[in-house]
Amino acid sequence: MSPPVAPPGWSRWLVPPAALSVHLSIGQAYAWSVYKPPLESALDLSGTQSALPFQLGIVMLGLSAAFGGTLVERNGPRWAMTVALICFSSGFLIASLGAATEQYWLIVFGYGFVGGIGLGIGYISPVSTLIKWFPDRPGMATGIAIMGFGGGALIASPWSTQMLKSFGSDSSGIAKAFLVHGLTYAVFMSLGVLLVRVPRTEKPVASGPSSLDGVQVSARNAVRTPQFWCLWVVLCMNVTAGIGILEKAAPMITDFFADTSTPVSVSAAAGFVALLSAANMAGRIGWSSTSDLIGRKNIYRVYLGVGALMYALIAWFGDSSKPLFILCALVILSFYGGGFATIPAYLKDLFGSYQVGAIHGRLLTAWSTAGVLGPLIVNWIADHQEAAGKHGSSLYGLSFLIMIGLLAVGFVANELVRPVHVRHHIPAPREAVDVEQQQPESA
């Protein structure tokens, strides 16, 4: 499947919607918690067991992005989006069969393993293409797409809840909901497959820069540079800090104000979670677009430095002011989303656009690490503090101090980023005046 070349006059603004169709679909992963209680009841599962499909999906996201990044670069965005469509939708169909037959292992295999591959390939599928279309505004372009992953749950969560009400929350109802998900997402993601195009030339905007300008580094050489590993630490620390709040948001705000005159109700805690999701999504487009104006290193100084300040304010004053707690948490989650959306542009600045998708895929192993590290820190410490007889905000004080330390580590790693040494550069690829001279146009 050759990459489809844009015909003359094709608007580059049609490419972000193609990317969004994929990211809004795979962003359903953040709404998995809707299925946890019904699965536990229908299949007699523990909370740990019901979380396994999601956890495996995130692990496979990181692994498939890391190992499949080079294939995505080689075969182009249409191939990658097609693979993502097949795997993600098939994962739901297999999970539907598992629910219908009450075979839990099929749900884990379908949603977690097969669907997780779709998550990883789908997540990185549009990155390189968007950067080539928008060499003048790479932060904004990747922010638009990756915003979809953060916002996918805002669609999937109420939709899944309504389906479970309509179909029932037994194994048969869950199977029907999974089936509808699989078929609907296949149709929606196919819009991206049909719409995506690669630029006809390396200068999609006549007055703008070329995507071949500047340093070009291969994915193989990139992982041998200190810059790559500095950014790995930066992303891991920023994501760990965000997940530290996101994963335990509802019980955290309840605990913080349990001993005050204004305790937080269950419905208010759910509203807090929704606010965090909105901040996560808004940060992906807002902060990444800002990075085009002030620079990638400066925006990460904000994410990591101001993020540490927000954690300090929550740790010391959070239980005395509900607005302060909520505001600081929203800022931290906006930095969490912004970090995801800005990192592809940071990689492009350092390594060029030559194999930026493959480099991005390898860097996402930092996400897999943070996905384990963040919840482990917060939950393990809270459990031990509770066992020691503590309660309320005291359950989280130590974990927040650890988060401040991790953000400081990330801040230092960001300061250590320097231009890539010339020995890692590859010869500049030949500027293509018209891609049609190299390959036929495909629809």
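Residues numbered from 1 in each chain as written. Predicted model: local features only at pLDDT ≥ 70, side-chain atom pairs only at ≥ 80, totals over all residues. Heavy atoms only, no water.

You'll find the chain entered in an unreviewed UniProt entry as OFA family MFS transporter, with Streptomyces lutosisoli given as the organism. Looking at the Subcellular location (unreviewed entry) heading of the UniProt record, one finds this comment for the chain: "Cell membrane". (UniProt positions renumbered as here; feature names shortened; annotations may be inferred.)

Undergrad: Please clarify how the overall build of the chain should be interpreted in this entry.
TA: Broken down by element type, the chain carries 17 helices and 0 strands. In terms of overall size, the chain behaves like a compact globule, its C-alpha atoms giving a radius of gyration of 22 Å where 443 residues would be expected to give roughly 22 Å. Over its C-alpha atoms, taken along the principal directions, the chain stretches across nearly 70 × 50 × 35 Å. By residue count, 54% of the 443 residues in the chain fall in the buried class. When contacts within the chain are restricted to residue pairs at least 6 apart in sequence, long-range pairs at least 24 apart make up 84% of them. As displayed, the chain has an accessible area near 17,100 Å², and 67% of this comes from carbon and sulfur atoms. Separation of charge centres in the chain, based on 25 positive and 21 negative side chains, amounts to 9 Å. (Helix = DSSP H or I, 4+ residues; strand = E, 2+ residues; numbered from the N terminus. Rg over C-alpha atoms; globule rule 2.2 N^0.38 Å. Buried < 20%, exposed > 50% of the residue type's maximum accessible area, 1.4 Å probe, protein only. Contact = heavy atoms within 4.5 Å. Areas by Shrake-Rupley, 256 points an atom, 1.4 Å probe, with all protein chains shown as cover. Lys, Arg positive; Asp, Glu negative; His and termini not counted. Charge placed at Lys NZ, Arg CZ, Asp CG, Glu CD.)

Undergrad: Please clarify how the environment of Pro16 should be interpreted in this entry.
TA: Note that Pro16 resides in helix α1 (residues 15-26). Residues Pro16 and Arg74, 58 residues apart in the sequence, show an inter-C-alpha distance of 21 Å.

Undergrad: Can you help me understand helix α12 (residues 266-294) in this one?
TA: Count 3.6 residues to each turn of an α-helix, and residues three or four apart come out pointing the same way. For α12, which comprises 29 residues, the first-to-last C-alpha distance of 40 Å matches the rise-based estimate of 42 Å (1.5 Å per residue) to within 8%. By the largest-angle criterion, Gly283 marks the main kink of α12, which is about 35 degrees. Structurally, α12 contributes buried residues whose contacts are with α5 (104-124), α7 (138-167), α10 (226-246), α11 (249-256), α13 (296-317) and α14 (322-351). Regarding α12, its N-cap is Ser265, as a side-chain oxygen of that residue lies 3.1 Å from the backbone nitrogen of Ala268 further along. Just past α12, the residue Gly295 takes up positive phi, approximately 100 degrees. (Expected span 1.5 Å × (residues − 1). Bend = angle between axes of the 7 residues up to and from the residue. Polar contact = N/O pair within 3.5 Å; in protein donor to acceptor, adjacent residues only side chain to side chain.)

Undergrad: I keep staring at the confidence of the model for the chain and nothing clicks. Help me out?
TA: Fine structural detail should not be taken from predicted coordinates in areas where pLDDT scores are low. Confidence along the chain averages 88 in pLDDT terms, with 94% of residues attaining 70 or more. The model gives residues 431-443 a pLDDT under 50, and that stretch makes 31 contacts with residues more than four places away or in other chains. (pLDDT = per-residue confidence, 0-100.)

Undergrad: Can you walk me through unusual backbone geometry in this structure?
TA: Residues apart from glycine generally show negative phi values, whereas peptide bonds are mostly found in trans. Even without being glycine, Asp44 reaches a positive phi, approximately 55 degrees. Within the secondary structure layout, Asp44 lies in the loop between α2 (36-43) and α3 (47-75). Relative accessible area serves as the criterion here: at 70%, Asp44 is assigned to the exposed category. Although it is not a glycine, Glu102 adopts a positive phi angle of roughly 60 degrees. Of note, Glu102 is situated in the loop between α4 (77-100) and α5. Under the relative-accessibility criterion, Glu102 is labelled partly exposed at 46%.

Undergrad: Looking at this model, I keep getting lost on the packing of aromatic side chains. Mind explaining?
TA: For any pair of aromatic rings, the description rests on two quantities: the centre-to-centre distance and the angle between the ring planes. Under the criterion given, the structure shown has 31 aromatic pairs. Ring centres of Tyr300 and Tyr303 lie 4.9 Å apart, and the angle between their planes is 85 degrees; on these two criteria the pair is classed as edge-to-face. Of the two residues, Tyr300 and Tyr303 are both situated in helix α13; the distance of 3 residues between them amounts to about one turn of the helix. Classification of Tyr303 by relative accessible area gives buried; the value is 1%. Look at Tyr311 and Phe400: their rings are 5.1 Å apart centre to centre, the planes differ by 65 degrees, and that puts the pair in the edge-to-face class. On the criterion of sequence distance, the pair formed by Tyr311 in helix α13 and Phe400 in helix α17 (residues 397-415) is long-range, its members being 89 residues apart. Like Tyr311, the residue Phe400 is buried in the burial classification. Connected via pairs of aromatic rings, a cluster forms that spans Trp32, Tyr35, Phe88, Phe92, Tyr111, Trp159, Phe178 and Tyr185. Over the face of the ring belonging to Phe257 we find Lys322, whose NZ or CZ atom lies 5.5 Å from the ring centre. (Phe/Tyr/Trp six-rings, centres within 6.5 Å; stacked < 30°, edge-to-face > 60°. Lys NZ or Arg CZ within 6 Å of the ring centre and 35° of its normal.)

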